[in-house]
Amino acid sequence: MRTLSILLLFITVFTSCSSLMTSSADAAKASERTGNYAKALSMWEKQIEQEEKAGTASTTIAYDRAGQAALHLGDTVTAEKHFKMAVYYTTASAETWSFLANYYQFTDQLSPEVMALEGLLENFPQHELTHNSIVRLFTLYSETAQWEKAMHLWQQIPEVHQDIDYLNRWFDINKTLQNTDSCNQIATRMLRLKPDHSKALEWQAVQAYNLGETRYQQEMEAYENNKTHAQYAKLLKGLDQATIDYKKSLKLFEDLYHRYPQKRYALYIGNIYARFGDEANANKYHTLSQ
């Protein structure tokens, strides 16, 4: 009989608590509908207090709704406090993750911003807010030298956002990781969007120069090691191909130097003229490279 009384008392208390929590939540939602966000915030915070005491906070939407009510009141500090708890209990909405990312960007908190953006991407990969935030996360990865994460994320960036600025970042990442083939492709894409893009033009000029120089060195070394008529004929053929690469590189570097008179461009130009046996131009540009 005593056990039955205790069980009935427990049921009564639990039912009473559940009723109070439901009452607070309903009152908060009603206040939201009428635009009384001050009262809604108060009710949601009461709901939070009740659920924490009851040990049910891990499944509640109260933190998220309290944060939203605080936002309507312009209280970003209180909103962040509640939103962080919603994140902790994995009940945060896409809007909450997005707010936190924007809030941390505004307050110049890099690591929390990255974590908020990652949380948004992980929990709501198809949400419109996520699509708009991917490019920001890619930028932060590239700025903080998280190359592998940036490489992985690039595939998720909508093509509409792959403009010249982001292609430029994408190029730098691949260049750092020594992905030559990718850099060739990206440089071509950049030049389609901006035909005078100096970084892309310089890349193509250097690649053409390296092809010519590599072939020149290989053919000369082969001939030095085997001075026969057959090897000499092969040398001449190889040098003809190297000349084609050198000429392509020379044109690009001269165009670049005309627009952007950098000393490194003059050095390449001087080296190419030296390979052509044009001593006057070689000396001229080597002097300009000093």
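Above this text sits the structure in question.
Residues numbered from 1 in each chain as written. Predicted model: local features only at pLDDT ≥ 70, side-chain atom pairs only at ≥ 80, totals over all residues. Heavy atoms only, no water.

Remarks on the environment of I269
How we decide: Helix and strand definitions here come from DSSP, where helices need a minimum of 4 consecutive H or I residues and strands a minimum of 2 consecutive E residues; each element is numbered from the N-terminal end. By definition in these notes, contact holds between two residues if any of their heavy atoms fall within 4.5 Å.
On the secondary structure map, I269 appears in helix α13 (residues 263-275). Separated by 15 residues in sequence, I269 and K284 place their C-alpha atoms 9.5 Å apart. Apart from the residues within four sequence positions on either side, I269 is in contact with L250, F253, E254, Y257 and Y285.

Details of unusual backbone geometry
Short version of the rule: Each residue's exposure class comes from its accessible area (1.4 Å probe, protein chains only) as a fraction of the maximum for that residue type: buried when under 20%, exposed when over 50%, partly exposed otherwise.
For D108, which is not a glycine, the phi torsion comes out positive at approximately 60°. The residue D108 is located in the loop between α5 (94-106) and α6 (110-123) in this model. Judged by relative accessible area, D108 falls into the exposed class, the value being 70%. A positive phi angle, near 60°, is found at A145, a position not held by glycine. Overall, the relative accessible area of 43% leaves A145 in the partly exposed class.

As for the packing of aromatic side chains
Under the convention used in this document: The aromatic pairing rule takes the rings of Phe, Tyr and Trp, using the six-membered ring of Trp, and pairs them if the centres are within 6.5 Å, calling planes under 30 degrees apart stacked, those over 60 edge-to-face and the rest tilted.
For the coordinates displayed, the defined rule picks out 18 aromatic pairs. Geometrically, the ring pair formed by F253 and Y265 is tilted, given 5.9 Å between the ring centres and 45° between the ring planes. Linking F253 in helix α12 (residues 229-259) with Y265 in helix α13, this pair joins segments that are twelve residues apart in sequence. Assessed through its relative accessible area of 2%, Y265 is described here as buried. Three or more aromatic residues joined by ring pairs form one cluster here, namely Y209, Y246, F253, Y265, Y268 and F276.

Quick look at the side chain of H197
Tracing the chain through its elements places H197 in the loop between α10 (180-193) and α11 (198-225). When residues no more than four places from it in sequence are discounted, the contact partners of H197 are I164, N168, M190 and L191.

Looking at the pattern of salt bridges
Opposite charge on two side chains permits them to pair, given that their charged atoms come into close proximity. Heads up, the rule is: We define a salt bridge as a contact between a side-chain nitrogen of Lys or Arg and a carboxyl oxygen of Asp or Glu at a distance within 4 Å.
Inspection of every chain in the model, using the stated rule, returns ten salt bridges. Close ionic contact of R275 with E213 constitutes a salt bridge, the shortest N to O distance being 2.7 Å. One end of the pair, R275, is in helix α13; the other, E213, is in helix α11, with 62 residues separating them in the sequence. Overall, E213 belongs to the buried group, its relative accessible area being 15%. Between K227 and E224 there is a salt bridge whose closest N-O contact spans 3.6 Å. Among the residues examined, E224 registers a relative accessible area of 48% and is labelled partly exposed.

Quick word on helix α9 (residues 164-176)
Under the convention used in this document: A helix is expected to span 1.5 Å for every residue after the first. By construction, the arc corresponds to the directions joining the helix axis to the C-beta atoms. In protein, a polar contact requires one atom able to donate a hydrogen and another able to accept it; more generally it is a pair of N or O atoms within 3.5 Å, and residues adjacent in sequence count only if both atoms are side-chain atoms.
Here α9 contains 13 residues, and its C-alpha end-to-end distance of 18 Å stays within 8% of the 18 Å for a straight helix at 1.5 Å per residue. When we look at burial in α9, the residues that qualify are Y166, L167, W170, F171, I173 and N174. Buried residues of α9, seen end-on, are gathered within an arc of 165° and therefore sit on one face of the element. Of the surrounding elements, those touching the buried residues of α9 are α7 (128-143), α8 (147-154), α10 and α11. For α9, the side-chain oxygen to backbone nitrogen distance between the N-cap and D165 is 3.2 Å, and the N-cap itself is D163. Q178 occupies a position one or two residues after α9 and carries a positive phi of about 60°.

Read these as spatial facts, not as claims about activity.
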